[in-house]
Amino acid sequence: MDWLTTVDHKKIGILYFAAGGFFFIVGGIEALLIRLQLMFPMGANGESWFLDGQTYNEIMTMHGTTMIFLAAMPLIFGLMNAVVPLQIGARDVAFPFLNSLGFWTFFFGGVLLNISWFTGTVPDIGWTAYAPLSGEEFSGTGSDYYAIGLQIAGIGTLVGGINFLVTIINMRAPGMTFMRMPLFTWTSFITSGIILFAFPALAVGLIYISFDRLFDANFFVTATGGNAVLWEHIFWIFGHPEVYILILPAFGAISEVLPTFARKRLFGYSSMVFATALIGFLSFMVWAHHMFTVGMGDIANALFGVATMLIAIPTGIKVFNWLFTIWGGNIQFTTAMLYATSFIPTFVMGGVTGVMLAIPPADFQFHDSYFVVAHFHYVIVGGIVLSLLAAVYYWWPKMFGRMLNETLGKWSFWLFFIGFHLTFFIQHFLGLWGMPRRVFTYLPNQGWDTANFVSTIGAFFMAAGVIVILINVIISIKGPKAPADPWDGRTLEWSIPSPSPEYNFKQLPLVRGLDAFWLEKMDGKKEMTPAEPLGPIHMPSPSILPFFMSLGLFIAGFGFMYRGYEFESMFINNLFGNNIIAISGLAITFVCMFLRSVYDDHGYHIEVEELQKEG
């Protein structure tokens, strides 16, 4: 029950990790099925050896949607929950209740989307859900699962972003100015700002799709006056900033790991901050580079191409600063450091192919080929997953109070790293040799057979790496206890016990500069200088309301999806057809909102005597 009602940011971070990790495994299994299908060409009689085209489309759609919305996003939010309040010296986030609501809406949205596997109507429209494929004419109830599931999950992401903006602006410890914030907190701050402006676009687009499908509206159906290209604009106004929502916290994690294990201060801190802000701004200026082949015209293509190339400048600043940080350092190649250093060349390869795709004439050649698949995965997997794994190994002791096994960690790294490059590097050439993306099979003897076979073998190496990580996690339950500062860290989270107490800081710390804890250690101190006398600590009360508010939205989503469906049972037909299910779900949500509004919850206090007993 404690985990259902918790509003503690650290526990919510663990919930995000558990749910995101589960969906990551689901999305990974879907990726393996895709690679198995493409391992061999079609047979002599034209038959597919493993999957039919419809099943392949469903798996491909769910793989992309799951990995982006249900795995990468919650893992990033889990990291932000676990680390940001500790790094700024806060006792919690600004709105703990809202934080819990954000997790449960994401979770129920993800569950709703994946229930489609059990109802036999899986989304089959690609993760971009382009119109008119997402319309009623070409897709079944699976598209409703996509639109409503993501709509509910998106609510959680939006409120989470707002929560972190307010937290970072208002709850920093005394002395922590903006230019003394750790880079991970800075990137979380910019990311939250991008979420604030990007997710409403997706929410509006999903409402349009839902209205087209459920209420016969007319936004994207060309035959009745709608515009299919409108969806592409809406999706990519959200979709391209989404890449930076994912990659900026990854940049922040790398900027924490490299200085710690190179035993040097982060090179060019100020330029890193301004480069992050510039990337966040430019992320909204480039969405149409995904649409060069739509026919927008030469001027529009040229403008968006140049804007896209501009992003290479602040990104290059970051890459060179990371290299100068480790240059001449006393480097310790822990598992976290291996992932962090491998991230740099891997992500640079994804960035360079991104610049190639920013050139409209070249994009016309690469578009819809496996070259794009390779580029995308070098950015998303090579950039985000490698850095997330670095972050997991780095902050695991602080989150769980246990150490991960370094030997197993290095085995998992090499399996995953080798497997990644085996899988995706050769896909650049598959694209240049003419293999289109999104095909479920191909003719033999076109020069693609061996490359696809090698790519699939690489995917199994990656899966083996993930299995070793899971074994490491299980073993860590009985592993050695983590000290407060296992890596000789530089930032505030390493100044408190592992795992952190529920109130984080017994006394709020006084921050005297960048790398606040490192400064204190250089002065011969073992703890932070307190900024306040020891006193009672106010804590928020746990609440079950966020769980039921999200459950209500989940039920309402079901009700709306099946309101026009013909069931065999007359009773069930009446429940759905008369909108009783949908209205009941909304009623649960609104009643919970009412209760939250009228009940004045003052929380509780941890008294000084109790704090002194804990030592």
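The rules behind these values
- Residues numbered from 1 in each chain as written.
- Predicted model: local features only at pLDDT ≥ 70, side-chain atom pairs only at ≥ 80, totals over all residues.
- Heavy atoms only, no water.
- Helix = DSSP H or I, 4+ residues; strand = E, 2+ residues; numbered from the N terminus.
- Rg over C-alpha atoms; globule rule 2.2 N^0.38 Å.
- Buried < 20%, exposed > 50% of the residue type's maximum accessible area, 1.4 Å probe, protein only.
- Contact = heavy atoms within 4.5 Å.
- Areas by Shrake-Rupley, 256 points an atom, 1.4 Å probe, with all protein chains shown as cover.
- Lys, Arg positive; Asp, Glu negative; His and termini not counted.
- Charge placed at Lys NZ, Arg CZ, Asp CG, Glu CD.
- Axes fitted to C-alpha atoms, helices over the stretch in contact; angles between N-to-C directions.
- Left-handed = near helix turned anticlockwise from the far one by under 90°.
- Nonpolar A, V, L, I, M, F, W, Y, C, P; charged D, E, K, R; others polar.
- Core = buried A, V, L, I, M, F, W, Y, C linked by side-chain atoms within 4.5 Å.
- Polar contact = N/O pair within 3.5 Å; in protein donor to acceptor, adjacent residues only side chain to side chain.
- 1 Å grid on protein atoms, 1.4 Å probe; cavity = no way out; pocket = protein on both sides within 12 Å on 5 of 7 lines; lining within 4 Å.
- Points joined across faces, edges and corners; volume = space filled by probe spheres on them.
- Patch = residues over 30% accessible without salt bridge, like charges linked within 9 Å, V, L, I, M, F, W, Y side chains within 5 Å.
- Salt bridge = Lys/Arg side-chain N within 4 Å of Asp/Glu carboxyl O.
- Bend = angle between axes of the 7 residues up to and from the residue.
- Phe/Tyr/Trp six-rings, centres within 6.5 Å; stacked < 30°, edge-to-face > 60°.
- Lys NZ or Arg CZ within 6 Å of the ring centre and 35° of its normal.
- Parallel < 35°, antiparallel > 145°, perpendicular 65-115°, else oblique.
- pLDDT = per-residue confidence, 0-100.
- Expected span 1.5 Å × (residues − 1).
- Arc of directions from axis to C-beta.

1. Quick word on the overall build of the chain
Counting its regular elements, the chain contains 20 helices and two strands. Scaling as 2.2 N^0.38, a compact globule of 615 residues should have a C-alpha radius of gyration of about 25 Å, and the chain matches this with 25 Å. Taken across its 615 residues, the chain has 57% of its residues classed as buried. Excluding contacts between residues fewer than 6 apart, the proportion of contacts in the chain whose partners are at least 24 apart in sequence is 81%. Of the roughly 24,800 Å² of accessible surface on the chain, a fraction of 70% belongs to carbon and sulfur atoms. With 27 positive and 38 negative side-chain charges, the chain shows a separation of 15 Å between the mean positions of the two kinds.

2. A look at unusual backbone geometry
Cis peptide bonds are those with omega within 30 degrees of zero, and the linkage from Ala131 to Pro132 qualifies with 5 degrees. The topology assignment puts Pro132 in the loop between α4 (96–119) and α5 (142–170). At Asp216, a position not held by glycine, the phi torsion is positive, near 55 degrees. Within the secondary structure, Asp216 is located in the loop between α6 (183–214) and α7 (228–262).

3. Some details on the packing of helix α3 (residues 53–87) against helix α13 (residues 370–400)
Taken N-terminus to C-terminus, the directions of α3 and α13 make an angle of 35 degrees; their axes are 11 Å apart at the nearest point. Seen from above, α3 lies across α13 with left-handed handedness. Residue-level inspection shows Tyr56, His63, Ile68, Leu75, Ile76, Leu79, Ala82, Val83, Leu86 and Gln87 of α3 in contact with α13, the latter providing Tyr370, Phe376, His377, Ile380, Leu388, Ala391, Trp395, Lys398 and Met399. Here the contact of α3 with α13 is composed, by residue class, of 15 nonpolar, three polar and one charged.

4. Quick notes on the nonpolar core
Residues Trp322, Tyr339, Trp395 and Phe416 are the most contacted members of the largest nonpolar core, which totals 149 residues. Once you skip the residues sitting within four places of it in the chain, Phe416 turns out to touch Tyr339, Val381, Val385, Leu386, Leu389, Phe461, Met462, Gly465 and Val466. Membership of the second largest hydrophobic core comes to 13 residues, among which are Ile34, Val373, Tyr442 and Ala451.

5. Observations regarding the side chain of Thr589
Looking at the element boundaries, Thr589 is found in helix α19 (residues 580–598). There is a polar contact of 3.0 Å between the side chain of Thr589 and the backbone oxygen of Met549.

6. Some words on empty space enclosed by the protein
Here the structure, examined in full by the defined rule, presents five cavities of 30 Å³ or more. One number sums up the size of the largest cavity: a volume of about 120 Å³. Around the largest cavity, the lining comprises 13 residues; the ones closest to its centre are Ser255, Glu256, Pro259, Leu266 and Asp515. The element that contributes the greatest number of residues to the lining of the largest cavity is α7, accounting for four residues. A per-class count over the lining of the largest cavity returns six nonpolar, three polar and four charged. Looking at the second largest cavity, its volume works out to about 100 Å³. Only α3 and α5 provide two or more residues apiece to the lining of the second largest cavity. If you tally residues by element for the lining of the second largest cavity, the top one is α5, at five residues.

7. Observations regarding a nonpolar patch on the surface
Together, Phe267, Phe320, Leu323, Phe324 and Trp327 give the surface a local cluster of nonpolar side chains, amounting to about 580 Å² of exposed area. Relative to the assigned elements, Phe267 resides in the loop between α7 and α8 (269–282).

8. Thoughts on the environment of Ile194
Mapped onto the elements of the fold, Ile194 is located in helix α6. Overall, Ile194 belongs to the buried group, its relative accessible area being 3%. Considering only alpha carbons, one finds Ile194 and Met272, 78 residues apart in sequence, at a separation of 17 Å. If sequence neighbours within four positions are ignored, Ile194 has contacts with Pro241, Tyr244, Ile245, Leu248, Gly280, Ser283 and Phe284.

9. Considering α13
The largest bend in α13 comes to about 45 degrees, at Tyr394, with the proline Pro397 one to four residues further on. The buried fraction of α13 is high, at 29 of 31 residues.

10. What to know about the packing of aromatic side chains
This structure, assessed with the given rule, holds 70 aromatic pairs. When the ring of Tyr562 is compared with that of Phe567, the centres are 6.0 Å apart and the planes differ by 50 degrees; the resulting orientation is tilted. By relative accessible area, which is 24% here, Phe567 ends up partly exposed. Just above the ring of Trp3 sits the side chain of Lys11; from NZ or CZ to the centre is 5.6 Å.

11. Focus on a negative patch on the surface
Taken together, Glu502, Glu607, Glu609, Glu610 and Glu614 make up a surface patch of like negative charges. Here Glu502 lies in the loop between α15 (449–476) and α16 (516–522).

12. Some words on the packing of α5 against α6
Remark: α5 packs on α6, axes separated minimally by 8 Å, with the N-to-C direction vectors making an angle of 155 degrees. When the interaxial angle is binned, α5 and α6 end up roughly antiparallel. Where α5 crosses over α6, the two elements pack in a sense that is left-handed. Taken together, the residues of the contact of α5 with α6 break down into 20 nonpolar, 10 polar and two charged.

13. Some points on the confidence of the model for the chain
The pLDDT averaged across the chain works out to 93; a share of 100% of its residues lies at or above 70. Across the chain, helix α14 (residues 406–432) holds the top mean pLDDT of 97, while helix α20 (residues 608–613) sits lowest at 86.

14. Digging into the layout of surface pockets
By volume, the second largest pocket is sized at about 520 Å³. In this structure, the second largest pocket is lined by 21 residues; those nearest its centre are Ser495, Ile496, Pro497, Lys506 and Glu527. In the lining of the second largest pocket, the residues fall into 12 nonpolar, five polar and four charged.

15. Topic: the pattern of salt bridges
As enumerated under the stated definition, the model contains 11 salt bridges in all. When the shortest N-O distance is used, the salt bridge between Lys11 and Asp2 registers 2.4 Å. Relative accessible area serves as the criterion here: at 40%, Asp2 is assigned to the partly exposed category. A salt bridge links Arg512 to Glu520, with the nearest nitrogen and oxygen atoms 2.9 Å apart. Note on Arg512: relative accessible area 39%, which makes it partly exposed.

16. Side note on helix α9 (residues 298–310)
Taking 1.5 Å per residue as the helical rise, α9 with its 13 residues ought to reach 18 Å, and the 18 Å between its terminal C-alpha atoms agrees with that figure. For α9, every residue scored as buried is listed here: Asn301, Phe304, Gly305, Ala307 and Thr308. Angular distribution of buried residues about the axis of α9 spans 165 degrees; they occupy a single face of the element. Those residues of α9 that are exposed and aimed more than 90 degrees away from the buried face are Asp298, Ile299 and Leu303. Of the surrounding elements, those touching the buried residues of α9 are α10 (312–326) and α12 (360–366).

17. Comments concerning the environment of Ile326
Mapped onto the fold, Ile326 is located in helix α10. Spatially, the C-alpha atom of Ile326 lies 8.7 Å from that of Leu266, the residues being 60 residues apart in sequence. Excluding residues within four positions of it along the chain, Ile326 makes contact with Leu258, Ala262, Ile331 and Met337.

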